[in-house]
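# Descriptive structure summary
Listed here are the chains, written in short residue letters.
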Amino acid sequence: MIPATTKAILITLIFFLVLPPIAFIVWDVAYLSVTESYKIESLFSKPYYLKIPLMNSIFVCGISAALSTLLGLALAWILARRSYRREELLLSLLTGPYIMPSFAMAIGWVLIWTKNGFFEKLFGMQSPIYPYGPFSLIVIFALHNYPLALLSIYTGLKNLNPELEEAAKIHGIPSRSVATKIVLPLIRPHILSGFILSFAYSISEFGAPAVLGIPVGYPVLTTMIYSFMTVAPIEYELAEALSLILSAIGISLLAINYLVLKGKKYVAISGKAGRLEKKKGGKIGILLISILLLLVYLPIGSVAFGSFIKTIGLPITLENIGLYHFQRVLSMGRVLNALSVTFLVSVLAATFASLFGFLVAYMIVREKGISSKIADYVIFLPFSIPGLVIGVGLIVASGKIYPLIYGTWVMLLIAFIIRFLPYATRTLESNIMQLDESLEEASRIHGVSLFKTLRGIVLPILMRGLLSSWVFVFNSSVKELSASAILSVQVETAIVVAFMMFSEGFFGDGAALTTILIAITLFTTWLFSRLTKAVATGISPTA
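This report concerns the structure included in the present document. (Residues numbered from 1 in each chain as written. Predicted model: local features only at pLDDT ≥ 70, side-chain atom pairs only at ≥ 80, totals over all residues. Heavy atoms only, no water.)

## Some points on the overall build of the protein
When you go through the protein residue by residue, the secondary structure sums to 25 helices and two strands. Relative to the compact-globule value of 24 Å for 543 residues, the protein shows a C-alpha radius of gyration of 25 Å, a close match. Based on the C-alpha atoms only, the size of the protein along its principal axes is roughly 65 × 65 × 50 Å. The proportion of buried residues among the 543 residues of the protein is 52%. Considering only intrachain contacts with a sequence separation of at least 6, the fraction spanning at least 24 residues in the protein is 80%. Accessible surface, the protein: about 25,200 Å² in total, of which carbon and sulfur atoms supply 68%. One finds the centroid of the 40 positive side-chain charges in the protein at a distance of 10 Å from the centroid of its 26 negative side-chain charges. (Helix = DSSP H or I, 4+ residues; strand = E, 2+ residues; numbered from the N terminus. Rg over C-alpha atoms; globule rule 2.2 N^0.38 Å. Buried < 20%, exposed > 50% of the residue type's maximum accessible area, 1.4 Å probe, protein only. Contact = heavy atoms within 4.5 Å. Areas by Shrake-Rupley, 256 points an atom, 1.4 Å probe, with all protein chains shown as cover. Lys, Arg positive; Asp, Glu negative; His and termini not counted. Charge placed at Lys NZ, Arg CZ, Asp CG, Glu CD.)

Dropping the structure here:
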């Protein structure tokens, strides 16, 4: 039982942290619609403000989500029904693109296919692909977000009761009919969920549309909000109104996803994963995986490659390759300050989100009352709201209730905590659910207080989940661009500086800084995976 005072403090903190940015946007738009309704009318009457960005968003996100789902289905089927060596490594490589910034993939795409880009320099012929506009946006969204569909469908296939397929094969039904008439209908909720998640994440993306859409005047909802906030004349109210529309789309999509997955109760799930005998992986599967890995990592590799090219656009010779851009960016005070801010804010966000998320997750799992359910809903609310909207909301809220933090790194910290707290809470909730409550009861019977029980028993056992949560929030904060782009008024993060370098034409410097950020996230992931294994080994004898 959590003491009432502790519970009240936790719920107050949740409400004070999460709700103000969202509530002030709703209040401002409602107030605007009464006092200056002509502004709202102009938003709906001028096609360039709402209609065109909305239609563009639906078009590119719809097609890219369909492609993501097809890719995810094909790969999930191959991995779940065929046996390959180092399957875990393959799954990590195939889901790796999602932890990279979409903005970096878009930059890599431009560096390859632009005039005088890497393709033309290496092959001596004109680039066959125009690197900007809707086609490129669709490709980058599909390549960046297909892991969402892959994981959703792969989970469905792994949990499917294998007895159904085995029974069908015993009765002589061909494999193709088993796949199309038994398996696919059963995993339909997971396929639909993969599509919805891919669509929802694409429509909230800012980095890729900013790189591939803004230079050719192809607006989507996120870039239009950014324009309202940064291009004179500044239109905060219109940015808020558009943010509200974008949030409504995100919340609706995730609500539909929840209802769709609720339907998986009709799927025959037994939890007896692994009983279905896998066939040996064939050449077609290897070929498909190889092509996809090439497509996915080519843009990321081109960013890393571009960071070593002294002058992009000149012939690629040994004289034109070196560490020039790394030396240059690491000697800039602006970059060093941005790296310091990024490191400070990411470490604090990861630490606070993980520890606070642990306490909140513990309250939600162990306390079944209505207040815990409301807290669970509120803390999950930012999950469905784009980072750009959280940035807009924080600017509005900071002017009214905490003006002292406006333009400081503290506002960035709050934005990252709000944005990634749902991930930390959900990760730790699932860990706490697996922990037998009798351990805590035994401790309390012997008169040990709640916090001593949490510190001495629960936290050590859940240390692996806590570390996973920490590294996820840290890496996400390092590559977070959407909220940072809005909030970096006086204090910049490194990803914003890299984005500005690309925007101003300093491609080599931007590539070098982006490569440094990717290297930081990869190193952190590797370091914490080693630490997690060590922790798991250390607690295994007594757990």
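## Considerations on the packing of helix H9 (residues 175-186) against helix H10 (residues 188-203)
Closest axis-to-axis distance for the H9/H10 pair is 4 Å, and the angle between their directions is 60°. Classified by the angle their axes make, H9 and H10 are oblique. On the side of H9, the interface is formed by Leu184, Pro185 and Leu186, while H10 contributes Arg188, Pro189 and Ile191. Classifying every residue of the contact of H9 with H10 gives five nonpolar, no polar and one charged. (Axes fitted to C-alpha atoms, helices over the stretch in contact; angles between N-to-C directions. Parallel < 35°, antiparallel > 145°, perpendicular 65-115°, else oblique. Nonpolar A, V, L, I, M, F, W, Y, C, P; charged D, E, K, R; others polar.)

## Topic: the packing of aromatic side chains
Under the definition given, this model contains 23 aromatic pairs. Between the aromatic rings of Phe308 and Phe326, the centroid separation amounts to 5.1 Å while the plane-to-plane angle is 50°, which identifies the pairing as tilted. Here Phe308 is found in the loop between helix H14 (283-306) and helix H15 (324-329), whereas its partner Phe326 is found in helix H15, with 18 residues between them in sequence. The exposure class of Phe326 is buried, given its relative accessible area of 14%. Seen from their ring centres, Phe416 and Phe420 are 6.4 Å apart, and the 45° between their planes marks the pair as tilted. In this pair, Phe416 and Phe420 are both assigned in helix H19 (residues 409-433), four residues apart and thus about one turn of the helix distant. Here the aromatic residues Phe103, Phe206, Tyr226, Phe499, Phe502 and Phe507 are joined through ring pairs into a cluster of three or more. Here the guanidinium or amino end of Arg81 rests over the ring plane of Trp77, the centre of that ring lying 5.9 Å away. Sitting over the face of the ring of Tyr324, Lys310 holds its NZ or CZ atom 5.6 Å from the ring centroid. (Phe/Tyr/Trp six-rings, centres within 6.5 Å; stacked < 30°, edge-to-face > 60°. Lys NZ or Arg CZ within 6 Å of the ring centre and 35° of its normal.)

## Observations regarding the nonpolar core
Core analysis: the largest hydrophobic core is formed by 167 residues, its most contacted members being Leu94, Phe103 and Phe358. No other element matches the 16 residues that helix H16 (residues 333-366) contributes to this core. Here Phe358 is in contact with Ala353, Leu428, Ile432, Leu454, Val458, Leu459, Leu462 and Leu466, once residues within four sequence places are set aside. With five residues, the next largest nonpolar core counts Leu148, Leu197, Leu254 and Phe383 among its residues. (Core = buried A, V, L, I, M, F, W, Y, C linked by side-chain atoms within 4.5 Å.)

## Comments concerning the side chain of Thr223
Summarising the element assignment, Thr223 is placed in helix H12 (residues 221-230). From its side chain, Thr223 meets the backbone nitrogen of Val220 in a polar contact 2.9 Å long. With residues near it in sequence (within four places) discarded, Thr223 still touches Phe206, Pro209, Ala210 and Ile214. (Polar contact = N/O pair within 3.5 Å; in protein donor to acceptor, adjacent residues only side chain to side chain.)

## Details of the environment of Ala304
Within the element layout of this structure, Ala304 appears in helix H14. Spatially, the C-alpha atoms of Ala304 and Gly108 are 8.5 Å apart, while their sequence positions differ by 196 residues.

## As for the side chain of Ser127
Mapped onto the elements of the fold, Ser127 is located in the loop between helix H6 (118-123) and helix H7 (134-159). There is a polar contact of 3.0 Å between the side chain of Ser127 and the backbone oxygen of Ile129. Not counting residues within four places of it along the chain, the set of residues in contact with Ser127 comprises Trp113, Phe119 and Glu120.

## Some remarks on the environment of Ile316
Relative to the helices and strands, Ile316 is located in the loop between H14 and H15. The class of Ile316 is partly exposed, set by a relative accessible area of 24%. Linking Ile316 and Leu67, residues 249 residues apart in sequence, is a C-alpha distance of 34 Å. Here Ile316 is in contact with Phe118, Lys121, Leu122, Phe305, Ile309 and Ile321, once residues within four sequence places are set aside.

## What to know about the pattern of salt bridges
Within the structure shown, the criterion is met by six salt bridges. A salt bridge links Asp509 to Arg328; its shortest N-O distance comes to 2.6 Å. Taken together, the positions of Asp509 in helix H25 (residues 507-539) and Arg328 in helix H15 put the pair 181 residues apart, joining distant regions of the chain. Overall, Asp509 belongs to the buried group, its relative accessible area being 3%. With a closest N to O distance of 2.8 Å, Glu480 and Arg419 form a salt bridge. Of this pair, Glu480 sits in the loop between helix H22 (463-478) and helix H23 (482-487) while Arg419 sits in helix H19; the two residues are 61 residues apart in sequence, bridging distant segments of the chain. Arg419 carries the same exposure label as Glu480, and that label is buried. (Salt bridge = Lys/Arg side-chain N within 4 Å of Asp/Glu carboxyl O.)

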